[in-house]
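# Notes for the structure review
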Amino acid sequence: MIYFDNTATSFPKPPCVLEAMAKFLNEVGANPGRSGHRLAIESGRFVYSAREAVAELFHVADPLRIVFTSNVTEALNLALNGLLKAGDHVITSSMEHNSMMRPLRCLEQKGVELTVVPCSQQGTLDPGDIKSAIRSNTVMIALNHASNVVGTILPVAEVGQIARKYDLMMLADAAQTAGVLSIDMEKDGIDLLGFTGHKSLYGPMGTGGLIIGERVDLEAFEPIKCGGTGSRSEHESQPEFLPDKFESGTPNAVGLAGLNASIRWILDQGIENIRSYEIQLTQRLLEGLKSISGVKVYGGQDAEKQIATVSFNIQGKQPSEICLLLDEEFGILCRVGLHCSPASHKTIGTFPAGTVRFGLGFFNTQDEVDFAIAAVRKLAEEER
Ligand SMILES: Cc1ncc(COP(=O)(O)O)c(C=O)c1O
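Structural notes, computed from the coordinates. (Residues numbered from 1 in each chain as written. Predicted model: local features only at pLDDT ≥ 70, side-chain atom pairs only at ≥ 80, totals over all residues. Heavy atoms only, no water.)

## With respect to the pattern of salt bridges
Selection criterion: Just to be clear on terms, a salt bridge is a Lys or Arg side-chain nitrogen sitting within 4 Å of an Asp or Glu carboxyl oxygen. Under the DSSP-based scheme used, a helix requires at least four consecutive residues in state H or I and a strand at least two consecutive residues in state E, with every element numbered from the N terminus. Only protein chains enter the area calculation, which uses a 1.4 Å probe; residues under 20% of their type maximum are buried, those over 50% are exposed, and those in between are partly exposed.
Counted by the stated rule, this structure contains 18 salt bridges. For D5, the salt bridge goes to R357, with nearest N and O atoms at 3.7 Å. Residue D5 is located in the loop between β1 (2-3) and α1 (15-28), and its partner R357 is located in strand β13 (residues 355-359); the two are separated by 352 residues in the primary sequence. With a shortest N-O distance of 3.0 Å, E42 and R45 are connected by a salt bridge. Of the two residues, E42 and R45 are both situated in helix α2 (residues 38-57); the distance of three residues between them amounts to about one turn of the helix. By relative accessible area, E42 is classed as partly exposed at 27%. Several salt bridges converge on common partners, so that one network encompasses R164, D167, E186, D191 and R215.

## Quick notes on the pairing of strand β7 (residues 192-196)
The following threshold applies: Strand pairing is defined by DSSP finding a minimum of two bridges between the two strands.
In terms of burial, β7 is a largely internal element, five of the five residues being buried. The alternating pattern of β7 places L192, G194 and T196 on one face and L193 and F195 on the opposite face, and all of these are buried. In this structure, strand β6 (residues 169-173) lies alongside β7, joined through three bridges in parallel fashion. Considered in β7, the bridge of D173 is made with G194. For β7 and strand β8 (residues 208-212), the ladder comprises five bridges, and the chain directions are antiparallel. Across the sheet, the residue bridging to F195 is G209, located in β8.

## Some thoughts on the sheet that holds β7
Quick reminder of the rule: Lines are fitted to the C-alpha atoms to define the axes, a helix being fitted only along its stretch in contact, and any angle between axes, read from their N-to-C directions, falls within 0 to 180 degrees. Between two residues, a contact is recorded if the distance between any of their heavy atoms is within 4.5 Å.
If you walk across this open sheet you meet the seven strands as β2-β8-β7-β6-β5-β3-β4, and the pairing is mixed. Of all strands in the sheet, those bounded by a partner on one side alone are β2 (66-69) and β4 (113-117). When strand polarity is set aside, the average angle formed by the axes of neighbouring strands in this sheet is 20°. Across the sheet, α2 touches β2, β7 and β8, and the angle it forms with β2 is around 115°.

## Brief notes about the side chain of K245
Counting through the fold element by element, K245 comes out in the loop between β8 and α8 (253-269). Setting aside residues no more than four positions away along its own chain, K245 makes contact with L218, E219, F221, P223, K225, Q238, P239 and E240.

That's the geometry; what it means functionally is another story.
As structure tokens, then:
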């Protein structure tokens, strides 16, 4: 079996992730921050250690500015619903995942104004187009860091500088880039960074978070859920301090134990090493697929300017058929269709059938890439 669906979720996970989760379940297990006994304190340490790991990865000075959520979808919903109000204007791109687009469309129904800046057919974004879309009531730019359809890396840092210049909030969706590209919120001009644990961070599902930068007005930032935090229990009103204001309910402590281990594993490997290995694999895959007659590869097709996600189609075959044959005849597991991003497919011209997507990860090998190229060649030859 060849697992090429890392863009949906990474698999396998580093063994240390499983070990950390088993250790938590076997030896700790208690509710973090809810009781004063030794196991509750130990559980709280696991969660805080995960906060410190995230802070180190994204160069965040204060780990308490990290709000854990169950995934990036929840993080983006928190940022958008918590900060935008009727009459505000927000700018986004046409390469967004529905996790960004749907909450924005919902807010549009409630009176928030939205501009979707078109990207090129390769999925690239001109920062100048973002600048041109700014109005007097613009308060936020909300941008995907890298496309989950064609892998294109969007110019988050350049747009971040524009956001700083015009005093706008910058929200970045790092679902596909956390752990693969170096992200420094301050240098990149990002005020709100959403991440998910189970993709390029190699952690378990059910983990993620929103990092809240110093420029964000906390008083104006409404929580999207209220409840028990284990702190200030004498009050019926929600605490105002971070992260408790936004972290109600028992956290996914076992998941965070795994995320802590996966991020420390990434830091040990070195992001640069992970990235350069994935560039090599992507380069090989792009060259191989492009050399097959009848295969159309989408996106910029430059491994240095994209993540390890590659979309393609074979002339004469439906994407769903290709995906099925790759699984059944070659044991290659990948994803087909619109990848929860209809806007991206409209941008690259593949709506509504979509594409076949190979999502590579750190555990894939050159041999697997070569085998997959040969499999696609065979399927393409059947059509001639
Ligand atoms: C760019 C992007 N944003 C958001 C998401 C949503 O991730 P999750 O389901 O972990 O919230 C994904 C998942 O594919 C994604 O690729």
